[in-house]
Amino acid sequence: NVVIVSSTGVDATAYVGTDPTLAALSPALTPTGAVNRARTVLGTAAGSLDGLRLQLTDGTWSFSASPTANTVNVNMVIEPAPGATPANVIFEFGGVSATSGATYLRVRGGLTLRRAGALYLYNVTTGFCVIEGVTFNPNGNTGAMSSANPAWFFYNGGTFTTNATRILNAGANAQAMLRGV
């Protein structure tokens, strides 16, 4: 299922489903609204949002509150929408944690992940986070991107705009892989 997020969207009536044409015609206004709309359409049972794709149009986006995404087995994906210029899609985190119930998270597609505060991108103790082919901008923040004990944190490809002081916390249970960075 897919939900497109656009500055012209309406959270309460956003299309949630498999048809990309309908998703483009009825986008959500915010990432948080997109997840909440998906919960309304798909349900709130564990696993109901497995594989949900949040597709972001050009602009700067963030969660206004940590979403409860009900992912259990498959990543919730954050990626540029069809027709968006990946370099113009910025997803900020740090004001609120992007994961609360999104046990599995994947961020991909050439967008920029920009730190906007002290909170983690990934803040759960089970599951995994995959970041593929994105530009990471610490934006002057020196804290880690993930909490102390994620089960897996995988960063594949992409670039850093500046040297990050820390990418990961030194949690006893953390297992991380950085490849092609």
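Whatever comes next refers back to the structure up there.
Residues numbered from 1 in each chain as written. Predicted model: local features only at pLDDT ≥ 70, side-chain atom pairs only at ≥ 80, totals over all residues. Heavy atoms only, no water.

Colleague: For this particular structure, what's the right way to read the overall build of the protein?
Modeller: Looking only at helices and strands, the protein features two helices and 14 strands. Here the protein, with 181 residues, has 45% of them falling under the buried criterion. Here the protein has roughly 7,700 Å² of accessible surface; of this, 51% comes from carbon and sulfur atoms. (Helix = DSSP H or I, 4+ residues; strand = E, 2+ residues; numbered from the N terminus. Buried < 20%, exposed > 50% of the residue type's maximum accessible area, 1.4 Å probe, protein only. Areas by Shrake-Rupley, 256 points an atom, 1.4 Å probe, with all protein chains shown as cover.)

Colleague: Please explain the nonpolar core as it appears in this structure.
Modeller: Soluble globular proteins: nonpolar side chains tend toward being buried together. Core analysis: the largest hydrophobic core is formed by 29 residues, its most contacted members being V3, L54, I78, F91, V107, L111 and L113. Taken together, the elements giving at least two residues each to this core come down to β1 (2–5), α2 (31–42), β2 (53–56), β5 (76–80), β6 (89–93), β8 (104–108) and β10 (128–132). (Core = buried A, V, L, I, M, F, W, Y, C linked by side-chain atoms within 4.5 Å.)

Colleague: How should the environment of A116 be read in this particular structure?
Modeller: Along the polypeptide, A116 turns up in the loop between β9 (112–115) and β10. Of the residues examined, A116 reaches a relative accessible area of 42% and is grouped as partly exposed.

Colleague: For this particular structure, what's the right way to read the sheet that holds strand β13 (residues 159–160)?
Modeller: By definition, the strands of a sheet pair up through backbone hydrogen bonds, in either a parallel or an antiparallel sense. Strand order in this open sheet of five strands is β3-β6-β9-β11-β13, and the pairing throughout is parallel. In this open sheet, the two strands that pair with only one neighbour each are β3 (59–62) and β13. (Pairing = 2+ DSSP bridges.)

What is shown is where atoms sit, not what they do.
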